[in-house]
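# Architecture at a glance
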Amino acid sequence: MIKSSFRRALLGSISLCLLLAPLSHAQGLAQNLTQWPHIDSAIKPDAAMEAKIARMVSQMTLRQKIGQMTQAEIKAVTPDDIRKNYIGSVLNGGGSWPYMMKHATLKDWVAMSDGFYDASLKTDMKTKVPLLWGTDAVHGHGNVIGATLFPHNIGLGAANDPALIKEIGAATGKAVRATGINWVFAPTLAVVEDQRWGRTYEGFSSDPLLVRDYAKAYVEGMQGDFSKAGNVVATAKHYIGDGGTDNGKDQGLNRSSEADLMNIHAQGYYGALGAGVQTVMASYSSWTDGATGKAYGKMHGNEYLLTDVLKNKMGFDGFVISDWNAVSQLPGCLNYHCPQAINAGIDMMMVPLEWDKFIEATVGDVESGAIPQSRIDDAVTRILRVKMRAGIWGQRPSANPYAGKMSAIQARDLARRAVSESLVLLKNKGVLPLKKGAKILVVGKSADNLGNQTGGWTITWQGTDNANADFPHADSLLSGIKAEAGAANVTYAATGEGVDVSQFDVVIAVIGETPYAETAGDISNLSHTTRYPEDVKVLQAVAGKDRPVITVFESGRTAYANDLINLSDAFVAAWLPGTEGKGVSDVLFGHKDFKGRLSFDWPSAACPSKAQPLFALGYGLSYAKSGSVGELPVSVPVECQ
Ligand code: GLC
């Protein structure tokens, strides 16, 4: 077998020319790995550190060890709980803020983090161990009011720019440090195969090699070598095959062959592990080997993939964390009691509320022999190794130079550039770029709606229940258009009904999906109009009135939208752009050209089929490269098989 570093160099050059050229579907370049590769991590073992860890482990009691393996939710634990139970980590889940205050200030966040940190150093352990605080800053620090939010990953994938991803990873690390946090549950490395999946937008692409290159860049930016004040622990998630389940069902069954796991779904992990990622989050999904029919069940109980493959064959020496109460989906397990998962290779348990029961149950499991002491010692060794590599001793949260700094949670120019690079022009009958001085009618529910513009994982878990006032440092697409064209030249009428379109030179319709996250985003077919009939109604109100209609489509996935494209003279896929709406107007008015290329196929039908996509992965027009689309067939979508 070619030495992995040579192969990576070889593939690196191949993927480099791939990235320079329009994206080509990975199948053309699919790897033909026949065995799991060993990945040389950028972060090497350190003998002195290992000796120190071994000494610490030998001096820890069983409860102290299991405390380190426990991650509790901030709303369910106090500093004194941390101290008394040796808890090694906390998290704030989506929509969880200090004291459940949606508008908690940076000061509130940092104060809470100092409290947990100080408590972790007041235990009676021989060597005190500070704790890690993990959060889902998956498109910037989405939990915090005032933070800059980047385009979700589907848009970043369209930008096709690993250097940009590295900058975003670094900016996100600084942002979470502003709130006293030192661990981010990102990047998501799903290779998304069915866009009916509710988490499609958390994925970069259906192209495994793009995911691999992005994984490397993101981890290098966010974690680096932990030498920068903005570096934090990153997480490769959700291991493995979360994007390849039947019909895109969230937490469903992936029936890839092992070869396809190796060559498609694992590519992101090759990039992330190579860059030194220190944590991996297990997937809720299950795996049945499509080649042999062997059913391995839920990933959280899959010792073969978690331990034999990830840790032993690929050489991952960080730690594996479970997902939110995911172990309860294993036969015979509860949220807080699942020896099978720990024996399979879960090192830290995300047991948000019932952490105390977890500690008691797991102590019992070790005492009964259900969990070998050696497994506990290995898990704690891994956790201490990551904490030492991250250098969290002596890093009281408020002492970080970014702590409490509004400037650290904002990166508006970077995000604005990312928005511009993410836009994909699918149709343009010579109506773009817009001209200065044009009288513009703006329609559509999403033109002035920062909630729709930012999508899920934004302030709240689902990204719902947010008003524009919750985004004090943001620009809607409408405000971007007004800033460009002059407010006096812009009229906004959400539904477009009853407006005399002839009074205007051009219409811009901003439509698309409304926010969702995880399973709530699962759909049965890709027809946009089936789910959002209001959008085609808006276009019908303004099209065919002898004025060009430019549609800007905000979504967490590509969609069957032939009816919408037919009613548009120009059609822009804007994905979920985040807080910087001016990144859209920069391109619509020609200050920047369209650079984005589809990182997923754009479907020609409402149900996944073998039919040719309407636009293939890698497609995208520009001002330099025009192209229009003829009248498209419109079929009433049926329920997909
Ligand atoms: C969620 C998600 C995972 C996230 C975790 C903590 O259920 O699956 O991506 O990191 O819980 O919020």
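Residues numbered from 1 in each chain as written. Predicted model: local features only at pLDDT ≥ 70, side-chain atom pairs only at ≥ 80, totals over all residues. Heavy atoms only, no water.

## Observations concerning unusual backbone geometry
Apart from glycine, the bulk of residues carry a negative phi angle, and the bulk of peptide bonds sit in the trans form. Rule in force here: In DSSP terms, a helix is any run of H or I states spanning at least four residues, a strand is any run of E spanning at least two, and both are numbered starting from the N terminus. A 1.4 Å probe rolled over the protein chains alone gives each residue an accessible area, and that area as a share of the maximum for its type sets the label: buried under 20%, exposed over 50%, partly exposed in between.
For the bond from lysine 237 to histidine 238, the omega torsion is -10 degrees, close enough to zero to count as cis. Here the amide bond leading from tyrosine 239 into isoleucine 240 is cis, since omega sits at -5 degrees, within 30 degrees of zero. In this fold, isoleucine 240 is placed in the loop between β5 (235-239) and β6 (253-254). For phenylalanine 226, which is not a glycine, the phi torsion comes out positive at approximately 65 degrees. With respect to the helices and strands, the residue phenylalanine 226 is situated in the loop between α9 (208-222) and β5. Of the residues examined, phenylalanine 226 reaches a relative accessible area of 12% and is grouped as buried. A positive phi angle is found at aspartate 465, which is not glycine, with a value near 60 degrees.

## A look at the sheet that holds strand β7 (residues 279-282)
Using the following cut-off: Paired strands, in this sense, are two strands between which DSSP finds at least two bridges. With axes taken as lines fitted to C-alpha atoms, and helix axes fitted only over the stretch in contact, angles between N-to-C directions fall between 0 and 180 degrees.
Taking strand neighbours across the sheet as the criterion, the three strands line up as β5-β7-β10 in an open arrangement whose pairing is parallel. The open sheet has two free edges, formed respectively by β5 and β10 (319-321), since each of these has just one partner strand. Looking at each pair of strands side by side, their axes are set apart by 30 degrees on average, direction ignored. Sheet topology places β7 next to β10; three bridges connect them, and they run parallel. What sits directly across from threonine 279, in β10, is phenylalanine 319.

## Description of helix α15 (residues 373-390)
How we decide: Here the expected length of a helix is defined as 1.5 Å per residue gap, with one fewer gap than residues.
Spanning 18 residues, α15 covers 26 Å between terminal C-alpha atoms, matching the ideal 26 Å at 1.5 Å per step. Extensive coverage of α15 is indicated by the burial of 14 of its 18 residues. Immediately beyond the C-terminal end of α15, within one or two residues, lies glycine 391, with a positive phi of roughly 70 degrees.

## Re the state of the cysteines
The condition that has to hold: The disulfide definition used here is simple: a pair of cysteine sulfur atoms within 2.5 Å.
Applying the stated criterion to the full structure yields two disulfides. Disulfide pairing is shown between cysteine 607 and cysteine 640; the S-S distance is 2.0 Å. Judged by the sign of its S-S torsion, about -90 degrees, the bond between cysteine 607 and cysteine 640 is left-handed. Remark: cysteine 640 occurs in the segment after α23 (582-588) and cysteine 607 occurs in the segment after α23; sequence separation between them is 33 residues. For the residue pair cysteine 607 and cysteine 640, the accessibility class agrees, reading buried in each case.

## Observations concerning the sheet that holds strand β1 (residues 70-73)
Spatially, five strands are ordered β4-β3-β2-β1-β11 in an open sheet, and the strand pairing comes out parallel. Here the strands that pair on one side only, and so sit at the sheet edges, are β4 (183-184) and β11 (349-350). In terms of strand pairing, β1 meets strand β2 (residues 89-92) through three bridges, oriented parallel. Its bridge partner being in β2, glutamate 73 is matched across the sheet by leucine 91.

## Re the nonpolar core
Test applied: Buried residues of nine kinds, namely Ala, Val, Leu, Ile, Met, Phe, Trp, Tyr and Cys, make up a nonpolar core once their side-chain atoms join them within 4.5 Å. The split into domains, and so the bounds of each, comes from an automatic or database assignment of domains.
Core analysis: the largest hydrophobic core is formed by 174 residues, its most contacted members being Trp36, Tyr239 and Trp602. Looking at which domains feed residues into this core, each of domain 1 (3-17 + 68-407) and domain 2 (411-588) supplies at least three. Counting residues in hydrophobic clusters, the runner-up holds 29 residues, among them Ile440, Ala485, Val510 and Val584.

## Considering the pattern of salt bridges
Just so we agree on the cut-off: Whenever Lys or Arg places a side-chain nitrogen within 4 Å of a carboxyl oxygen from Asp or Glu, that contact is recorded as a salt bridge.
Throughout the structure, instances matching the rule amount to 35 salt bridges. Ionic pairing is found between aspartate 80 and lysine 84, a salt bridge with its closest N-O pair at 3.5 Å. Of the two residues, aspartate 80 and lysine 84 are both situated in helix α5 (residues 79-85); the distance of four residues between them amounts to about one turn of the helix. Assessed through its relative accessible area of 35%, aspartate 80 is described here as partly exposed. For aspartate 246, the salt bridge identified is with arginine 255, shortest N-O distance 2.8 Å. What makes arginine 255 partly exposed here is its relative accessible area of 49%.

## As for the site of the ligand
Heads up, the rule is: Residue proximity to a molecule or strand is established when one non-hydrogen atom of the residue lies within 4 Å of it. N or O atoms closer than or at 3.5 Å make up a polar contact, with two conditions inside protein: a donor-capable atom paired with an acceptor-capable one, and, for residues adjacent in sequence, both atoms drawn from side chains. Residue exposure ignores everything except the shown protein chains as possible cover, and the areas themselves are Shrake-Rupley values with a 1.4 Å probe. Ten residue types, Ala, Val, Leu, Ile, Met, Phe, Trp, Tyr, Cys and Pro, are classed as nonpolar, four, Asp, Glu, Lys and Arg, as charged, and the remainder, Gly among them, as polar.
Around the ligand, the surrounding shell holds 14 residues, and the nearest of these are Asp136, Arg199, Lys237, His238 and Asp323. The separation between an oxygen atom of the ligand and a polar side-chain atom of lysine 237 is 2.8 Å. Protein contact buries 96% of the 310 Å² of open area that the ligand shows by itself. A breakdown of the residues in the shell around the ligand according to their chemical character gives seven nonpolar, two polar and five charged.

## Examining the packing of aromatic side chains
Filter applied, for reference: Whether two aromatic rings pair depends on their centres lying within 6.5 Å, for rings of Phe, Tyr and Trp, where Trp uses its six-membered ring; planes under 30 degrees apart make the pair stacked, over 60 edge-to-face, and the rest tilted.
Within this structure, the stated rule accounts for 15 aromatic pairs. Ring centres of tryptophan 183 and phenylalanine 185 lie 5.1 Å apart, and the angle between their planes is 75 degrees; on these two criteria the pair is classed as edge-to-face. The pair formed by tryptophan 183 and phenylalanine 185 is uniform in burial state, with each residue classed as buried. Relative to phenylalanine 319, the ring of tryptophan 183 has its centre 5.4 Å away and its plane inclined at 85 degrees; by these criteria the two rings are edge-to-face. With tryptophan 183 in strand β4 and phenylalanine 319 in strand β10, this pair connects stretches of sequence that are 136 residues apart.

## Topic: the domain arrangement of the protein
Quick note on the threshold: By definition in these notes, contact holds between two residues if any of their heavy atoms fall within 4.5 Å. Buried area: the accessible surface (1.4 Å probe) lost by two parts on joining, summed over both.
Considered domain by domain, the protein is made up of domain 1 (3-17 + 68-407) and domain 2 (411-588). Using C-alpha coordinates to define each centre, domain 1 is positioned 33 Å away from domain 2. In this assembly, 42 residues from domain 1 lie in contact with 44 residues from domain 2. Across the interface of domain 1 and domain 2, roughly 3,300 Å² is buried in total on both sides, 56% from carbon and sulfur atoms. Of all residues in domain 1, Gln195, Arg196 and Tyr201 give up the largest surface area on contact with domain 2, accounting jointly for 17% of the area buried on that side. At the boundary of domain 1 with domain 2, the tally comes to three salt bridges. One salt bridge connects glutamate 518 with arginine 199, and the closest N-O pair in it is separated by 3.5 Å. Counting every contact that joins domain 1 to domain 2 gives 26 residue pairs in polar contact (both at pLDDT 80 or more).

## Details of the pairing of strand β3 (residues 132-135)
Convention followed: With the strands pointing away from the viewer, any crossover whose connection runs clockwise from the first strand over the helix to the second is right-handed.
By the alternation rule, side chains of β3 split into Leu132 and Gly134 and Trp133 and Thr135, which are all buried. Relative to β3, β2 is paired through four bridges, and the arrangement is parallel. Looking at β3, one finds that leucine 91 is bridged to glycine 134. For the crossover that starts at β2, traverses helix α6 (residues 106-120) and ends in the parallel β3, the hand is right-handed.

## Description of helix α19 (residues 477-485)
For the record, the criterion: Taking the helix axis as origin, the arc is that swept by the directions to the C-beta atoms.
Restricting attention to buried positions, one finds in α19 the residues Leu477, Leu478, Gly480, Ile481, Glu484 and Ala485. Projection of α19 onto a plane perpendicular to its axis shows the buried side chains occupying an angular sector of 160 degrees, all on one side. For α19, the secondary structure elements touched by its buried residues are β13 (440-443), α18 (450-454), β14 (490-492), β15 (506-512), β16 (549-554) and α23. Looking one or two residues past α19, glycine 486 carries a phi angle of roughly 90 degrees, positive in sign.

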